[in-house]
Amino acid sequence: MKIKILSIILALTATVMAFSPESTAKKPAEKKTDDYAGFIAKKGLIKKEGFVKIYKKGKDVYLEIPDSVIGRKVMINSSVRQSSSPFLSEGTNVSGKQSTYQIEKTDSLVLFLAPAPSICVKDGDESISRAIKKSQAQAIVYAFPIRYRNTDSTAVVIKASKLFSPSDKKVIDFRAKEFNGNLIYDSECKADMTQLKSIKAYSKSVGVVQEASYKLTVVVGFFLSSDKKAFSGDFLSTMTLLGNSDMPKRITDDRIGTDKISFTSFGSSQQSKTEYCAARWDLRKGRKITVYLDTLINPAWRAAVKEGIEAWNPAFEKIGLGKVIEVRDFPDGSGFSAEDPMISTVRYSPGERESLYGNIHTDNTTGEILSINISLPGNYLNGIRKASAYTISDVDTRYQDYNLSTGAVCDVIRAQVMGLFGKCLGIGANYAGSMAYSPEQLRSPAFTKAHGITGSVTDDVLFNIMARPGDKEKGVVTITDRIGPYDYYAIEWLYRQFPKGKDEEAALDSLIRSKKNIPEYQYVPKQKGNPDPRAVAYDLGNDPFASFEAGLSHLKFTAANADKWLDHDYIPEDYRNLFIEWVWLKQCNYIYSLSSLVGGIYENDIRTGNGLPHFAPVPVTDQKKAINTIMDAFRDMSWMDKNRKLLDISGMYSSVDQITNANAFSQSGLISRLDNVAMANRVAGSSYSPEEYLTDVQNSIMKNVRKGKLKAQEDVSITRYLFWLIQNSPVMTANYKEATSAGGKSSLAENLTPAISDVPEVYTADLGNLCYTSLEKARKILSYGRSVSKDAYAKGKLDYLISIAEDGLGTDKK
Amino acid sequence: MNFKKIILASVLITAMVCPAPANGNTIWPFKKKQKTEQKDTAATKKSKYEKLFEKEKKVAKGFITVHLKDGKVYFEIADSLLGREMVMGSTIKSISDNANGIVGSKDELIHFTFTKSDSTIQMRQLTSDYITDDSNIEKALSRSTIGAVLRNMKIKAYGPDSSYVFDVTDIFLSDDKKMSPFLDNSLYSSYSRDDSFKKDLSFIVDAKAFEDNISVTSSLSYSYTLKSRTSGKKLLKDQPFTAQLTRSILLLPKKIYHPRMADPRIGYFFTERDLFSSQQESSKPVFFANRWRLEPSDTAAYRQGKLVEPVKPIVYYIDSNFPEWWKPYVRKAVGEWNQVFEEIGFKNAIVVKDFPTDDPSFDPDNIKYNCVRYAPIGIANSMGPSWVDPRSGEIINASVYIYHDVIKLLTTWIFVQTSQADPDVRTCNIPKAILGDALEYVVRHELGHTLGLMHNMSASSVIPVDSLRSPSFTEKYGTTTSIMDYARFNYVAQPGDKERGVKLTPPTFGTYDKWAIRWGYTPVFDAGSFKKETEITKGWITDSLKKAPFYRYGKQQLYSIFFDPRCQNEDLGNDVMKASEYGIKNLKYIMSNYMNWINDKDDPEYKFRTQIFMGILNQYLRYIQHLMANVGGLCKNEVIAGDSTKRYMNIPGAKQKAIMEYVMQQYKDLEWMDDKAVLSKLPIIGKPSFAVRNAMQSIMMTAPYYASLSDGVATKEYSYEQCLDDIFDFVWTPTKRGRRLSAGQRELQTDFVNNYMSMGSFKKPGDSDKLAATELEALEDGDFNEESFESGDNALSAGLLKYSPVSGFEWLPRYVMNSGEMSKGSIYGILRRAYDLMKAHKNTASAEDKAHYELLMKTIEYSVK
């Protein structure tokens, strides 16, 4: 069904101007509105001319707004120009969330109105549109008294300092930004320490540069730091004229991933609904996307960035739009300013961040992407080292060296820019992209040369972790080198233009249907609680076990050889110290990915008629295999201890294996899967029951206990496991607390792991009984282990573990 | 035209041609000299009044003259207006987010007057709480009810007729909580809302004035923060917000409309006043029925039984912004009320008009006009509030608000309640004719409220269930005796019934509706006194109740204790078992078929089918609630002296027990909800029967408490002990018999322990230290009321209990001396019984059941020592 959508851009209601009100705000006492000439002639007045004229007089900013701008939308943006901390360095976007306004005028006021809510009326009923216009009118955010009118009354002058006030969080907002490794929770501007430095004008923007000082409250761990951090900087705050976009909305389809803007739709025969339109560039009528490259970036890197961005052009060419993306260096002179928020840039940002970051300016009424900015941070090289050294250095030896070759760096830049730029084009991350190909295909030179290594570069794929030493030499592609088939398809869905009269909705639906059951076109978004095991990062290929094994083999190689790469004085101490810990954490990532198979549900789309069930459980054999693989991996971490030189470089480690023993259960990812198993069992018909799952986990964890043996620190892991069982039942938790408060174990009681249950299930069953039974069984196994143990220390530890179990069970020890 | 009129006309014309001589822009050829002369003269003769309004933006002349100048508002009132009673109402004209209040909605009216003291004018809020029939008492009362001063305003100037001019800007341009745009019945009112007024962003927009009313429109800006009431989490922070509010002032007539004494045996909203009578030792509340001033234009003809028009019809204006296809249905529904008035001799009592485009005085936001408004917002509801003259109960304004998502409500009801019998509605696009008919029902119901009618929740309960399957009966009576009930669509009808001619919808008007209008609006002539008139109108009800149960009124049940099962929401028929059995059978039928009825093309994302699935579960729970309301229920009839009806009637014990058993059987038969073929297509839902069981458990476990309160009020029928024993046996028999428990049975036992520990205030593991002192008390605040349309009826403001044959004008009868037999000790006892049973059987139970028993025993041990 073709739905005619009438988009309502809610203009200021006529009634606002029906009567000519005077402002109740204090009227300017010093000048009358007809003294424009006097204002212009003011001594010390500085003027810049853009789409409006901007004036600086002392500490005040004035805007001269022509009638042509009345009714138009503007956007306020702020960015850092220079600062007292490299964490909030030049170019960092610090705009407030509320940043778009519509300018309106009454007889005596210039009003800045909040943006009109995005509402669509389906079936074109104009009555509803009129009702919405009154019911969702725009709120007044600023009201500025008109100070002067120009000589022919075609423009008015307002004092607009408030519009750029650095103490207003609508203008400058640091919240959720990183500062010295912590997140900023709040900021307080020191009003007496702000200073207007200069004014600016660009093609479609005017702005002010202000110096301001703040006290930042940061989050350290889970707490707010009482020690407020001082921070000062110069900030550019701009007001940009937005175009009157008439780009038609493209309604999103949850079978394909796009960035989206929400709107409410009303239909006269249907309830109101929240719907979404895709965020995308307006490429109609031969429009292009031009990205300017910072010339502070060295030429080789710039070339890689350019290649990464332009790698998307073939997808546009395929749908007949030609090479729509142009990448140019920052031009000299000619009025170009990289600070112009309407210009898309890739800039060098000398901060301490280690990965690429950026932001996208989108028109919230139509979803039109207006501009993007990508920053290459000062510590980007460190990020590249961390992404590569542990992952692929056995296959691509270039990444073993601390001083990476230009070629090695550029390969990563190209791949990562490619991935990030996909998001800049409006494509949402597709976590199924990495599952497009088989392990065999990923190790085939011919196949990888023909197809690359991933279905989509928007998945978290950088290197071909399925490759083994020698593969690169054989010609296997070892790093993402092109956009994937899904990316071509997503670009087609987002940007294909249809001739007038063509049923666009049907054509897009047909496009999606044409890709059904083809692995490289599958789409799975990131999910809360990871019910679908395809929606995980750090994997590659359609065999998660092979992927896990391959990842582990790279890590083992790294652990065995890294001492040789690190034994150089020019390598910073912290890089060397932390090296082994990064290896360990990487291993945890691989394990976490694998754990999503346990209780996993493949959610298939049933609309395209692909014949697959809506919900399909991961086969029980795979679920069990995942548990055993994970626990076995933890059980054999001795490989991390073999390279004593590496351990020495990293600090005073006696054994990494011990740390692993202690954390085996809590780091396994299995701790959060009980609810998933219950859900897969109930919803998707998995024959793997929660009881069986608990038994399997316990058998695996208690493997050594049954023999009366405990590895070093293994008791710590078992303690955490017992706590987990206890906290699944209020009775057991209460028992435990009661027992421990009397027995002096209260400090451990506080360490009970918080319940982890993000599974989006409507109806959950009480799993407390099962955990109670498991705890009883655990107690029996522990008692048995103690009875067969010949090790006095193991006995002691087992006694302690038994006491925890009994506390949880509320066993009467008398 | 006489001479005087000609002079007046020419003066007016001149004034229009030369509107602003003070500006000097006249068209006279001898401009310069004239101007100078005028200026000089004006300079010497200008009064303070003239100076004040020298360059005013607008002047609007009405019973109050309103001046707008420099962003300020001035009132100019004649001396004769001092002391006159007025009401002021604030209506939302436009708003930046209608989740805070919809366009056209109003707050309470402010009843006030202007007084003068030396050089100031006071705005005084009046009270109408008291009346008297004694002149001496009246004098005393007048000194005790002088009105609280809301504003004190300096007289700025005196007008040409010695009128008083004063600045009232602050009334219209301040943060007045009595006239706020943040309304209590809005979508966001369920959250905690903090607002901050922004005076610098607010201004006066316009003013209008007429013979009997004036209005001033202001644009007011705020910022507000929305927080969850439960978690305190901020949902919206510092949101900018602007609303235009029209504040209108109506002059009340000097002489009040002749009131009619309300009667608790018929459902009218009422206005309560306290009577200080010389004949009474103490003050006594009197209740006036809220109704429109409807008087025959030709009394003689009327008395002869002829149809006559009223002096002043009730005019409703239909919002021009209703979706186009809704409009004819809305118009029709409003106009249909004329049928009812015609039966009592009034022709054209109701006039339906579209918003006029050729009447400049019309303003839908002025409280003078009654409007049926459309609200584009995702609320599945509608409302029909009215505002009255507080002295007499005369309705002076009424509105109907229809929210957009009422469409969702209707679609779900129609589908879930009638798709078994009506193949036409087996679609997500219910045909407009059917949907429009349902919309008419909603509008007629709301309009009934605006005429003064309250809900009559017992209306559907007098219809025999079998009659609901009779073509001739349903054709004549529909599904209920009143559209003021919450009786929706015919869920009793079976497949094939529609084809036989059974009607599936409520009637246009029920017999009770016609009767109620007859009672409220039939004039009483020649009674001689108000007392005698009251005797007559009482007599009408007494007589009617003897004749037929179809005239019975049953008030809405806002509490779950002493619940009258005849007065339920969303129920049908006089036999709850039979009706529910039909309903449940139909739900099973719909569940097994509806996936195939819906076309994938119409519902590609299965959203509609998910909505219907949830609708089926909710409808099922409604049937369970209908049934369980009988266990511990109590029939209550309003009676007055001389009535033969019994005040209280307990539900027969056999019926209560049978219902209990039926619900327990239902509890075991919920697997049909876990229909794999259905669930495999919907988003992850889990196991619906778990959720429904949980809800059923709560309803069943509380039944003994209600039984303990109600049993024996009239007769002893089903004691709480019997009820509790039945539940105990149901829950624990498998244990007693040493059987292996199913997951559902384990859950039921867990719920038994948890529920009764909570009811008895026994702390459980996991409870916070701040556990409510007594859950028994908390239960009294709960109720079974489900989703409904409309809320915020003004009758909720009824005063304290003073006069109570049953509960009179209160919602609940007195029960101060009835705390029920069920005590904490009773609960202790049954928990111990459960404990002992588990203890006796745990060692022979399966491992799984043993764990279950041990955990439950530990739960009981936690505080039941």
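Remember, it's a predicted structure, so these values are computed and weren't measured experimentally. (Residues numbered from 1 in each chain as written. Chains lettered and ligands numbered in written order. Predicted model: local features only at pLDDT ≥ 70, side-chain atom pairs only at ≥ 80, totals over all residues. Heavy atoms only, no water.)

A few words on the overall build of chain B. Along the backbone of chain B there are 23 helices and 22 strands. When the 865 residues of chain B are sorted by exposure, 58% land in the buried category. About 35,900 Å² of surface is accessible on chain B, with carbon and sulfur atoms providing 51% of the total. (Helix = DSSP H or I, 4+ residues; strand = E, 2+ residues; numbered from the N terminus. Buried < 20%, exposed > 50% of the residue type's maximum accessible area, 1.4 Å probe, protein only. Areas by Shrake-Rupley, 256 points an atom, 1.4 Å probe, with all protein chains shown as cover.)

Right, let's get into the pairing of strand E5 (residues 73–83) of chain A. All names here are of chain A. With eight of its eleven residues buried, E5 lies for the most part within the structure. By the bridge criterion, three bridges tie E5 to strand E6 (residues 100–105) in an arrangement that is antiparallel. Counted as the bridge partner of lysine 73 is glutamine 102 from E6. Pairing analysis gives nine bridges linking E5 to strand E16 (residues 229–241), with the strands arranged antiparallel. Residue pairing in the sheet places isoleucine 76 in a bridge with methionine 239 of E16. (Pairing = 2+ DSSP bridges.)

Residue and element names in this part refer to chain A. Relative to strand E3 (residues 53–57), strand E2 (residues 46–49) runs antiparallel, the two sharing four bridges. Bridge pairing links glutamate 49 to lysine 53 in E3. In this antiparallel pair of consecutive strands, E2 and E3, the connection spans three residues.

Let's shift gears to the domain arrangement of chain A. Residue and element names in this part refer to chain A. As assigned here, chain A comprises domain 1 (5–166 + 235–244), domain 2 (284–526), domain 3 (528–670 + 678–685 + 692–701) and domain 4 (705–814). The C-alpha centroid of domain 2 is placed 37 Å from the C-alpha centroid of domain 1. On the domain 2 side, the residues contacting the 18 residues of domain 1 number 15 residues. Contact between domain 1 and domain 2 buries roughly 1,500 Å² in total, counting both sides, with carbon and sulfur atoms accounting for 53%. Counting the surface domain 1 buries against domain 2, the share from its top three residues, Pro86, Phe87 and Glu90, is 26%. Put simply, domain 1 and domain 2 have one salt bridge between them. Put simply, lysine 73 and aspartate 363 hold a salt bridge, and the shortest N to O gap is 3.5 Å. Our enumeration of links across domain 1 and domain 2 arrives at two residue pairs in polar contact (both at pLDDT 80 or more). (Domains from an automatic or database assignment. Contact = heavy atoms within 4.5 Å. Buried area = accessible area lost by both parts, 1.4 Å probe. Salt bridge = Lys/Arg side-chain N within 4 Å of Asp/Glu carboxyl O. Polar contact = N/O pair within 3.5 Å; in protein donor to acceptor, adjacent residues only side chain to side chain.)

The next point concerns the sheet that holds strand E14 (residues 284–289) of chain B. Residues and elements named next belong to chain B. One open sheet holds the three strands; their spatial order is E7-E13-E14, and the pairing between them is mixed. A single partner strand is all that each edge strand has here, and the edge strands are strand E7 (130–132) and E14. Averaged over all adjacent pairs, the angle separating strand axes in this sheet is 45 degrees, with direction ignored. Bridge count for E7 against strand E13 (residues 270–276) is three bridges, and the pairing is parallel. When the bridges of E13 are listed, tyrosine 130 appears paired with aspartate 274. Across the sheet, helix H4 (residues 135–144) touches E7 and E13, and the angle it forms with E7 is around 155 degrees. (Axes fitted to C-alpha atoms, helices over the stretch in contact; angles between N-to-C directions.)

What follows covers the packing of helix H5 (residues 380–392) of chain A against helix H6 (residues 406–424) of chain A. Residue and element names in this part refer to chain A. Direction vectors running N to C along H5 and H6 enclose 90 degrees, while the axes themselves pass 11 Å from each other. With respect to H6, the element H5 is oriented roughly perpendicular. On H6, the residues that touch Tyr380, Leu381 and Ile384 of H5 are Val409, Val412, Ile413 and Gln416. When the residues that make up the contact of H5 with H6 are grouped by side-chain class, the tally is six nonpolar, one polar and no charged. (Parallel < 35°, antiparallel > 145°, perpendicular 65-115°, else oblique. Nonpolar A, V, L, I, M, F, W, Y, C, P; charged D, E, K, R; others polar.)

Residues and elements named next belong to chain A. The mixed open sheet is built from five strands, whose spatial order is E20-E19-E21-E23-E22. The open sheet terminates on both sides in strands that have one partner only, identified here as strand E20 (325–329) and strand E22 (357–362). Across this sheet, the average inter-strand angle for adjacent strands is 20 degrees, counted without regard to direction. As defined by bridge partners, strand E19 (residues 289–293) adjoins strand E21 (residues 344–349) across three bridges and the pair is classed as parallel.

Here we take up the interface of chain B and chain A. Opposite the 76 residues of chain B that make contact, chain A presents 66 residues. Of the roughly 5,700 Å² buried where chain B meets chain A, counting both sides, 59% is carbon and sulfur surface. Interface area lost by chain B to chain A is led by Phe203(B), Ile684(B) and Leu855(B), which between them contribute 13%. At the surface where chain B touches chain A, the tally comes to one salt bridge. Of the charged contacts in the structure, one is a salt bridge between Asp200(B) and Lys162(A), with a shortest N-O distance of 3.4 Å. Counting across the interface, chain B meets chain A through 25 residue pairs in polar contact (both at pLDDT 80 or more). Looking at the side of chain B that touches chain A element by element, the count peaks at eight residues for strand E10 (residues 192–209) of chain B. Of the residues belonging to the side of chain B that touches chain A, the class tally is 35 nonpolar, 20 polar and 21 charged.

What follows concerns the packing of aromatic side chains. Within this structure, the stated rule accounts for 80 aromatic pairs over all chains. Where Tyr437(A) meets Phe447(A), the ring centres are 5.0 Å apart and the plane angle is 75 degrees; that geometry is what we call edge-to-face. Of this pair, Tyr437(A) sits in the loop between H6 and helix H7 (439–442) while Phe447(A) is found in helix H8 (residues 445–451), placing the two residues ten residues apart along the sequence. Of the two residues, Tyr437(A) and Phe447(A), neither departs from the other in class, the shared state being buried. Linked through ring pairs, Phe182(B), Tyr188(B), Tyr191(B), Phe197(B), Tyr222(B), Tyr224(B) and Phe241(B) together constitute an aromatic cluster. Lying over the aromatic face of Tyr431(A), Lys526(A) brings its terminal NZ or CZ to 5.5 Å of the ring centre. Over the face of the ring belonging to Phe545(A) we find Lys625(A), whose NZ or CZ atom lies 4.2 Å from the ring centre. (Phe/Tyr/Trp six-rings, centres within 6.5 Å; stacked < 30°, edge-to-face > 60°. Lys NZ or Arg CZ within 6 Å of the ring centre and 35° of its normal.)

It is worth spelling out a positive patch on the surface at this point. The grouping of Lys703(A), Lys707(A), Lys709(A) and Lys790(A) at the surface amounts to a positive patch. With respect to the helices and strands, Lys707(A) occurs in the loop between helix H19 (690–701) and helix H20 (714–727). (Patch = residues over 30% accessible without salt bridge, like charges linked within 9 Å, V, L, I, M, F, W, Y side chains within 5 Å. Lys, Arg positive; Asp, Glu negative; His and termini not counted. Charge placed at Lys NZ, Arg CZ, Asp CG, Glu CD.)

Residue and element names in this part refer to chain A. Here glutamine 698 lies in helix H19. Only 3.0 Å separates the side chain of glutamine 698 from the side chain of tyrosine 721, close enough to count as a polar contact. Not counting chain neighbours up to four residues away, the residues in contact with glutamine 698 comprise Tyr721, Leu725, Ser774, Lys777, Ala778 and Ile781.

Turning our attention to unusual backbone geometry. You will see that Asn517(A), though not glycine, has its phi angle at about 65 degrees, which is positive. Within the secondary structure, Asn517(A) is located in the loop between helix H11 (504–514) and helix H12 (544–566). Positioned with a positive phi, Asp70(B) is a non-glycine residue whose angle comes to about 50 degrees. If you trace the backbone, Asp70(B) turns up in the loop between strand E2 (65–69) and strand E3 (72–77).

Residue and element names in this part refer to chain A. The residue alanine 490 is located in helix H10 (residues 485–495) in this model. Distance from alanine 490 to isoleucine 103, taken between C-alpha atoms, is 36 Å for residues 387 residues apart in sequence. Those residues in contact with alanine 490, other than ones at most four positions away along the chain, are Ile256 and Ile427.

Turning our eyes to something else, we now look at the nonpolar core. Grouped together as the largest cluster of nonpolar side chains are 94 residues, with contacts concentrated most on Tyr594(B), Tyr620(B), Met696(B), Trp732(B), Phe752(B) and Tyr756(B). When residues of this core are assigned to their parent elements, the largest contribution, eleven residues, is made by helix H15 (residues 607–628) of chain B. Core analysis: the second largest hydrophobic core is formed by 91 residues, Leu540(A), Ala546(A), Met631(A) and Met637(A) among them. (Core = buried A, V, L, I, M, F, W, Y, C linked by side-chain atoms within 4.5 Å.)

A separate point is the confidence of the model for chain B. All names here are of chain B. Here chain B averages 86 in pLDDT, and 89% of its residues register 70 or above. Contacts from residues 1–40, a stretch scored under 50 in pLDDT, to residues over four places away or in other chains number eight contacts. In this model residues 770–805 is a low-confidence stretch, pLDDT under 50, and it forms 92 contacts with partners more than four residues away in sequence or in other chains. (pLDDT = per-residue confidence, 0-100.)

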